[in-house]
Amino acid sequence: MRLQSELAAVVVGFVTLNLLLVFAAIGLFARMGPAVELILQRNDATIVAAEDILEALAREPAGVTSPERREAVDAALATIARNVTEQDEPKAIAAIEQSIAAGLEGQAKARETLTDALRALIELNRDAMLAADREAQRLGVAGAWAAAFVGLATLLLGLVLGRRLGRRLVRPVLELRQVLGAARTGDEFRRCGVHDAPIEVEETLDELNRLLDAREVAFAGEESARSGVQ
C-alpha cells in the first residue's frame, strides 16, 4: 500500500468511528426525548382529568348541581376517554362511564364505584409514567455503554494503527537514519534492510542502497587506481 493511501485509511478510520459515536448518541437521545415527553403528557392529562372529577365529588358530596362544575366534569371525562394509552384503562373507563351519572347525583354506591375506578385509572397512569422514567434511564445507560464501547473501539484501533504505522513508517525512517550515520562514519557495508513498508519508502531505501553500492564501487576504483600508481 502506498504511504498516502495508508495515512488516508488511518484518518478515515478515526473519523468514521467518531462520527459513528456522535450520530449514535444523537439518534438515541433524539428518539428518547419525544417518546418520553408524549407518554408523560398523555398520562399526566389523564391523571389531571381524574383528579378534577374526584375534586368535584369531594366539593359537592350531596351531588354536583353547578352547571360549570358539570361542564368541567364532562370535559375531564372526554379527556380520559381520548387519552387511552394503557391496556387496562378501558375497563376502568367503562366503570367510570357507568357510574358517573349516579355518582354525580350523590348516590353513595355509585360514588364509591366511581371513586375506586378513578383511583385505579390514576394508578395505571402513574405506573406508566414510572415505567417511562425507567425506560428513559435504561436508554440513557445503554447510550452511555454504547458510547463507551465505541470509545474503547477507537482506542484499540488507534493502538493497532499506531503500532502498524510505527512498524511500517517509523522503523524504516530510523533504519534510514542509522544507515546514513554508518555511511558518514565510514561503514561501507551497512545497508537498509526494511521491506515491510509503504511502496514509496521501500523505493527510497532501495535507491539509497544503490547509491551506497555505487559509492563503494567508486571508492574501490579509486583505491585500485592509487595502488596502480604506487
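Presented here is an overview of the structure given in this document. All of these numbers come straight from a predicted model, not from anything done at the bench.

Focus: the overall build of the chain
Each helix and strand in the chain was counted, giving five helices and zero strands. Listed by position from the N terminus, the elements making up the chain come as α-α-α-α-α. Each of the 230 residues in the chain was classed as buried or not, and the buried ones make up 29%. Taking contacts inside the chain between residues at least 6 apart in sequence as the whole, the part at least 24 apart equals 71%. If you sum the accessible surface of the chain, you get close to 14500 Å²; carbon and sulfur atoms cover 62% of it.

What to know about the nonpolar core
Within the largest apolar cluster, 20 residues are counted, with the highest numbers of intra-cluster contacts made by Ile53, Ile80, Ile96, Ile100, Leu114, Leu118 and Leu121. Of all elements in the fold, only α1 (3–59), α2 (67–82), α3 (89–104) and α4 (108–184) reach the threshold of two or more residues within this core. Not counting residues within four places of it along the chain, the set of residues in contact with Ile96 comprises Leu77, Leu114, Ala117, Leu118 and Leu121.

Here's the deal with empty space enclosed by the protein
Across all of its chains, the model carries one cavity of 30 Å³ or more by this definition. Roughly 40 Å³ of volume is contained in the largest cavity. Val179, Ala183, Asp187, Glu188, Arg190, Arg191, Leu212 and Arg215 together form the lining of the largest cavity. Every element with two or more residues in the lining of the largest cavity is listed here: α4 and α5 (199–229). Partitioning the lining of the largest cavity into residue classes produces three nonpolar, no polar and five charged.

Thoughts on the pattern of salt bridges
One pass over the structure, following the stated rule, counts six salt bridges. Between Arg126 and Glu123 there is a salt bridge, and its shortest N-O distance comes to 3.6 Å. On the criterion of helical spacing, the pair formed by Arg126 and Glu123 is a turn pair, its members being three residues apart in helix α4. Here Arg126 falls in the partly exposed class, since its relative accessible area comes to 36%.

Notes on α3
The end-to-end C-alpha distance of α3 is 21 Å, a good match for the 22 Å that 16 residues give at a rise of 1.5 Å each. At Gln98, α3 shows its strongest bend, of approximately 35°. Within α3, burial applies to Glu89, Ala92, Ile93, Ile96, Ser99, Ile100, Ala102, Gly103 and Leu104. Once α3 ends, the next one or two residues include Gly106, with phi positive near 100°.

Points about the packing of α3 against α4
Helix-helix packing: each pair is described by the crossing angle between the helix axes and the interaxial distance. Their axes nearest at 8 Å, the elements α3 and α4 cross at an angle of 150°. Judged by the angle between their axes, α3 and α4 are roughly antiparallel. The crossing of α3 and α4 is left-handed. Residue-level contacts link Glu89, Ala92, Ile93, Ala95, Ile96, Ser99, Ile100, Ala102 and Gly103 of α3 to Ala110, Arg111, Thr113, Leu114, Ala117, Leu118, Leu121, Leu124 and Asn125 of α4.

Cut-offs used in this document
Residues numbered from 1 in each chain as written. Predicted model: local features only at pLDDT ≥ 70, side-chain atom pairs only at ≥ 80, totals over all residues. Heavy atoms only, no water. Helix = DSSP H or I, 4+ residues; strand = E, 2+ residues; numbered from the N terminus. Buried < 20%, exposed > 50% of the residue type's maximum accessible area, 1.4 Å probe, protein only. Contact = heavy atoms within 4.5 Å. Areas by Shrake-Rupley, 256 points an atom, 1.4 Å probe, with all protein chains shown as cover. Core = buried A, V, L, I, M, F, W, Y, C linked by side-chain atoms within 4.5 Å. 1 Å grid on protein atoms, 1.4 Å probe; cavity = no way out; pocket = protein on both sides within 12 Å on 5 of 7 lines; lining within 4 Å. Points joined across faces, edges and corners; volume = space filled by probe spheres on them. Nonpolar A, V, L, I, M, F, W, Y, C, P; charged D, E, K, R; others polar. Salt bridge = Lys/Arg side-chain N within 4 Å of Asp/Glu carboxyl O. Expected span 1.5 Å × (residues − 1). Bend = angle between axes of the 7 residues up to and from the residue. Axes fitted to C-alpha atoms, helices over the stretch in contact; angles between N-to-C directions. Parallel < 35°, antiparallel > 145°, perpendicular 65-115°, else oblique. Left-handed = near helix turned anticlockwise from the far one by under 90°.

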